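Coordinate analysis (summary)
Each chain, letter by letter, is given below.
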Amino acid sequence: MGRSPRKDLIAGLTVAIVALPLALGFGISSGMGAQAGLVTAVVAGALAAVFGGSNLQVSGPTGAMTVVLVPIVHTYGANGVLTVGLIAGGLLVLLALLRAGRWMAYLPVSVIEGFTLGIAAVIGLQQVPNALGVHAPVGANPAVVAARAVGDFAAHPHWATIGVALAVAAVMLAGARLRPAVPFSLLAVVAATLAVAGLSLPVTTIGTLPSGLPAPSFGFFQAGHLGALLPSALAVAALAALESLMSASAADAMSVSEQHDSNRELFGQGLANLAAPLFGGVATTGAIARTAVNVRTGATSRLAALVHAGVLAVIVFATAPLVAHIPIAALAGVLIATAVQMVEVGSLKALARSSRGEALILALTAAATLAFTLTTAVIVGMLTAGILALRQVARAARLEQVPLHADLPPADHHGEEQELLAEHIVAYRIDGPLLFAAAHRFLLELTDVADVRVVILRMSRISALDASGAKVLGDAIDKLTARGILVLVSGVRENHLNRLDALGALDTLHENGRIFPSTPEAIAHARAHLGAVGLISHLPPAGELTGAKR
């Protein structure tokens, strides 16, 4: 923290300016009030900066988290939200101790992009009642609530309120294009506050805020509702882990030599979520937007995030009366602009163009985020991605007939021998993973072979084999044997052979000595068999039956 304190001080001050309207807005949007957003940014921001796993991460209330918290407020009230945050903090610490951070890297990009798109839509829809100056209608689905709010606005329009919200959003979006380094969110909110006060516009403001942080207390804890609140706490913990690690990864990508510790980051976020509810704060995560501002303004250490929390603490203690005059519609405009900025059109187009499968995963995840809960959306996205991945695996497995001449020993009568053998022996090479997704197709292809006397299965190129694949292989061998076809196997890897033996798939072949290390040895056995039944009368000398190819 002592390497470049001047850069960190400037970065922390800049992030605090950007974070102030976001903290206020997300606090109000969550249903807990502006004070809760500020408290979260101060307490959680400081603890996550000290104990987290990223030197450049900035934590606080986020739009994604408000999406989860709103239904909890409606069902269990403010105490339910605080209880959920506390439980989620404990779960995050447990995840850190279990070293679960590495598993977050396996989330597909299409799921993340769809998740982000859905969250942006939910955040924007949640701001519609405040932007229109109407009371939020009753309802759980944000699209339904927004539609009802539009109906209420049409009956009793508040043009000043919607004008303030649209003006703030427009200034932010235009300013981000022209001067990205300038904190237009704060400038727009200040201008809107002065305009509303100077013109005495009939626009609702935040209202009186307490000056200072409340004393820590456990009085909110709802022990009687633990069972009902646990699913919500799991959702909050999962979202906090996902968003925080995504934000930390983004910080690494934007910096030169930073590399976060994912498990330590989970631990820091866990402590932050344990502490914030004690002071009346909401659940917190690493914030991608604020982290990006931190990196781009030159932050080099955790000092910048601590300065950000300290500046916001000063605002809580010293300027609460001024903050009370901020129009709620102005903060709604800030969050609407933030939701728009969350959507990276270029990334969405690239994923949609890459394949229909990626586009489907993205669309389903976004739709599920909008229609259901965030946890449900991730599950839908992961299941869709898993099904499509299995489909690709099934297509990757191939059963290919291969010529025998590459494995036959050279001889004067090679051409003649080749023709005779080709009439009675067919060799198949199995390539790729032989898993349950491809097993049924494999069985149909293998048992549909022409009327030959010997089938050689070359198995050295099987990359993976599960129990279903082993069973299907055994069934195929039994079906071919029942047709009077001699089945020989060559080149089985030791680990695959162990699994096949454990399931009894090759028991008949073991008993009759029909498993060979190499394909030439299998061909030699097939030739001997054909000679014994009188189909080939002239066999090469035994010395010519050796080889190394598989």
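Residues numbered from 1 in each chain as written. Predicted model: local features only at pLDDT ≥ 70, side-chain atom pairs only at ≥ 80, totals over all residues. Heavy atoms only, no water.

When helices and strands are tallied, the chain shows 23 helices and eight strands. Against the 2.2 N^0.38 benchmark of 24 Å for 550 residues, the chain shows a C-alpha radius of gyration of 33 Å, more extended than a compact globule. Referenced to the eigenvectors of the C-alpha coordinate spread, the extents of the chain come out at roughly 110 × 55 × 55 Å. Each of the 550 residues in the chain was classed as buried or not, and the buried ones make up 50%. The contacts of the chain with a sequence gap of at least 6 include a subset with a gap of at least 24, amounting to 84%. Looking at the chain as shown, the accessible area adds up to about 24,400 Å², and 64% of this sits on carbon and sulfur atoms. Here the chain holds 32 positive side-chain charges and 30 negative ones, and the gap between their average locations is 12 Å. (Helix = DSSP H or I, 4+ residues; strand = E, 2+ residues; numbered from the N terminus. Rg over C-alpha atoms; globule rule 2.2 N^0.38 Å. Buried < 20%, exposed > 50% of the residue type's maximum accessible area, 1.4 Å probe, protein only. Contact = heavy atoms within 4.5 Å. Areas by Shrake-Rupley, 256 points an atom, 1.4 Å probe, with all protein chains shown as cover. Lys, Arg positive; Asp, Glu negative; His and termini not counted. Charge placed at Lys NZ, Arg CZ, Asp CG, Glu CD.)

Across the chain, the average pLDDT comes to 86, with 93% of residues at 70 or higher. Throughout residues 541-550 the model reports pLDDT below 50, and contacts reaching past four residues in sequence, or to other chains, amount to 22 contacts. (pLDDT = per-residue confidence, 0-100.)

This part takes up the environment of V39. With respect to the helices, strands and loops of the structure, V39 is situated in helix α2 (residues 34-51). Residues V39 and V340, spaced 301 residues apart in sequence, show a C-alpha to C-alpha distance of 26 Å. Apart from residues lying up to four places away in sequence, V39 is in contact with A44, L213, P214, F279, G280 and G281.

Mapped onto the fold, S490 is located in strand β7 (residues 486-490). A polar contact is formed between the side chain of S490 and the side chain of T519, at a distance of 3.1 Å. Excluding residues within four positions of it along the chain, S490 makes contact with I456, L457, R458, M459, S460, F516, S518, T519 and A522. (Polar contact = N/O pair within 3.5 Å; in protein donor to acceptor, adjacent residues only side chain to side chain.)

In total, this model carries four salt bridges according to the counting rule given. Of the charged contacts in the structure, one is a salt bridge between D431 and R398, with a shortest N-O distance of 3.2 Å. Placement of D431 in strand β4 (residues 425-434) and of R398 in strand β3 (residues 398-402) is noted, with a sequence separation of 33 residues between them. On the accessibility criterion, D431 (6% relative accessible area) is buried. E400 is paired through a salt bridge with R429; the nearest N and O atoms lie 3.1 Å apart. Here E400, found in strand β3, pairs with R429, found in strand β4; they are 29 residues apart in sequence, far enough to count as distant. (Salt bridge = Lys/Arg side-chain N within 4 Å of Asp/Glu carboxyl O.)

With that out of the way, let us pick up the packing of helix α7 (residues 159-178) against helix α8 (residues 184-199). It is the contact of α7 with α8, at a shortest axis distance of 9 Å, that shows an interaxial angle of 150°. Regarding the angle of α7 to α8, the classification is roughly antiparallel. Once α7 is placed against α8, the crossing between them reads as right-handed. Here α7 contributes V164, V168, V171, M172, G175 and A176 to the contact with α8, which in turn contributes F184, S185, A188, A192 and V196. Taken together, the residues that form the contact of α7 with α8 break down as nine nonpolar, two polar and no charged. (Axes fitted to C-alpha atoms, helices over the stretch in contact; angles between N-to-C directions. Parallel < 35°, antiparallel > 145°, perpendicular 65-115°, else oblique. Left-handed = near helix turned anticlockwise from the far one by under 90°. Nonpolar A, V, L, I, M, F, W, Y, C, P; charged D, E, K, R; others polar.)

Quick look at the packing of helix α1 (residues 5-30) against α8 now. Geometrically, a packed helix pair is captured by the angle between its two axes and the distance between the axes. Two elements in contact, α1 and α8, have axes whose closest approach is 8 Å; the angle formed by their N-to-C orientations is 55°. The orientation of α1 relative to α8 falls into the category oblique. Between α1 and α8 the crossing geometry is left-handed. Residues I17, V18, L20 and P21 of α1 touch α8, and the partners they reach there are S185, L186 and V189. Partitioned by chemical class, the residues of the contact of α1 with α8 number six nonpolar, one polar and no charged.

What follows concerns helix α3 (residues 63-97). Compared with the 51 Å implied by 1.5 Å per residue over 35 residues, the 27 Å span of α3 between its first and last C-alpha is markedly short. The largest bend in α3 amounts to roughly 130° and is located at Y76. Note on α3: the residue one or two positions beyond its end, R99, has a positive phi of about 55°. (Expected span 1.5 Å × (residues − 1). Bend = angle between axes of the 7 residues up to and from the residue.)

The terminal C-alpha atoms of α2, which comprises 18 residues, lie 26 Å apart, in line with the 26 Å expected from a rise of 1.5 Å per residue. In terms of residue burial, α2 counts as a mostly covered element, since 14 of its 18 residues are buried.

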